[in-house]
Amino acid sequence: MIEKEEILSKYKESCEKVNSEPHRCLVEYLEESEPESLDLVIRGNDKLNFRKRLTDTDMQVIQVSITPYAHYLEHVDLRYNSLSDMGALALAKLLKNAPNLQTLNVQGNDIHADGAQQIAEVLKGHERLMSINFNGNCIQTEGSMSVTELLFTN
């Protein structure tokens, strides 16, 4: 059983340390969802998040807060937010500890080749991974090749 109250407390503390407002979507999820699984779903194109899209700083705070529980992560959907390579690095650090990850969607962010490579590198060996989506990012040939290599090694 996942102690979501503990995760929420750690997340709020981490936000306070960097003088950042906790993301309402994540707070509501941790307060209201069932304790059997852990998903990270903050869609920037959702009407509730449209004005408060996830930034690199937000992702860094989430990474610090959730990494101890990352082995429970199954689905990560961060589409249409404001993540760059810095946010992708924080996400990669989180996903490194998420062997049960099944889906990853970072569509429509501002991730370039370096960020895509960092994420792809940590996902090698994640045998449960079934779906990844980097559409709408600027990953170019280098990033695409890293993601393609990931697909052939898993």
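Anyway, here's the lowdown on the structure attached to this text. (Residues numbered from 1 in each chain as written. Predicted model: local features only at pLDDT ≥ 70, side-chain atom pairs only at ≥ 80, totals over all residues. Heavy atoms only, no water.)

What follows deals with the environment of leucine 104. In this fold, leucine 104 is placed in strand 3 (residues 103-105). Excluding residues that lie within four positions of it along the chain, leucine 104 makes contacts with Val76, Leu91, Leu95, Ile119, Leu123, Leu129, Ser131, Ile132 and Asn133. (Helix = DSSP H or I, 4+ residues; strand = E, 2+ residues; numbered from the N terminus. Contact = heavy atoms within 4.5 Å.)

Here we take up the side chain of histidine 23. Counting through the fold element by element, histidine 23 comes out in the loop between helix 1 (4-17) and helix 2 (24-32). Aside from chain neighbours lying at most four places away, what touches histidine 23 is Tyr11, Ile42, Asn49, Lys52 and Leu54.

Regular strands have side chains that alternate between both faces of the sheet. In terms of strand pairing, strand 1 (residues 38-41) meets strand 2 (residues 73-77) through four bridges, oriented parallel. Counted as the bridge partner of aspartate 39 is histidine 75 from strand 2. Handedness of the β-α-β unit built from strand 1, helix 3 (residues 56-66) and strand 2 comes out right-handed. Sheet topology places strand 2 next to strand 3; three bridges connect them, and they run parallel. Looking at the pairing, valine 76 lines up with leucine 104 of strand 3. Crossover strand 2 to strand 3 through helix 4 (residues 85-95) is right-handed. (Pairing = 2+ DSSP bridges. Right-handed = clockwise from strand over helix to strand, strands pointing away.)

Non-glycine residue asparagine 19 carries a positive phi angle of around 55 degrees. Within the secondary structure layout, asparagine 19 lies in the loop between helix 1 and helix 2. At tyrosine 80, a position not held by glycine, the phi torsion is positive, near 55 degrees. Structurally, the position occupied by tyrosine 80 is in the loop between strand 2 and helix 4.

With that settled, the discussion passes to helix 1. With 14 residues, helix 1 extends 20 Å between its outermost C-alpha atoms, agreeing within 8% with the 20 Å of an ideal straight helix rising 1.5 Å per residue. Within the span of helix 1, buried status applies to Lys4, Ile7, Leu8, Tyr11, Ser14 and Cys15. Summarising the axial view, the buried residues of helix 1 lie within an arc of 125 degrees, below the 170-degree limit, and thus occupy one face. Every exposed residue of helix 1 that faces more than 90 degrees away from the buried side is listed here: Glu5, Glu16 and Lys17. On its buried side, helix 1 packs onto helix 2, strand 1 and helix 3. Phi turns positive one or two residues past the end of helix 1, at asparagine 19, with a value near 55 degrees. (Expected span 1.5 Å × (residues − 1). Buried < 20%, exposed > 50% of the residue type's maximum accessible area, 1.4 Å probe, protein only. Arc of directions from axis to C-beta.)

Its place among the elements puts leucine 129 in the loop between helix 5 (113-123) and strand 4 (131-133). When its relative accessible area of 14% is taken as the criterion, leucine 129 is described as buried. Taking the C-alpha atoms as reference points, leucine 129 and leucine 38, separated by 91 residues in sequence, lie 15 Å from one another.

A few words on the nonpolar core. Within the largest apolar cluster, 40 residues are counted, with the highest numbers of intra-cluster contacts made by Leu40, Met59 and Leu91. For this core, the secondary structure elements donating two or more residues are helix 1, helix 2, strand 1, helix 3, strand 2, helix 4 and helix 5. Looking at this core element by element, the count peaks at six residues for helix 4. Contacts of leucine 40, omitting those with residues within four sequence positions, involve Leu26, Met59, Ile62, Ile66, Leu73, His75, Val76, Asp77, Leu78 and Leu94. (Core = buried A, V, L, I, M, F, W, Y, C linked by side-chain atoms within 4.5 Å.)

Strand order across the open sheet formed by four strands is 1-2-3-4, with parallel pairing between neighbours. Taken across any chain shown, the strands that pair with only one partner, and hence form the sheet edges, are strand 1 and strand 4. Adjacent strand axes in the sheet meet at a mean angle of 10 degrees, parallel and antiparallel pairs treated alike. (Axes fitted to C-alpha atoms, helices over the stretch in contact; angles between N-to-C directions.)

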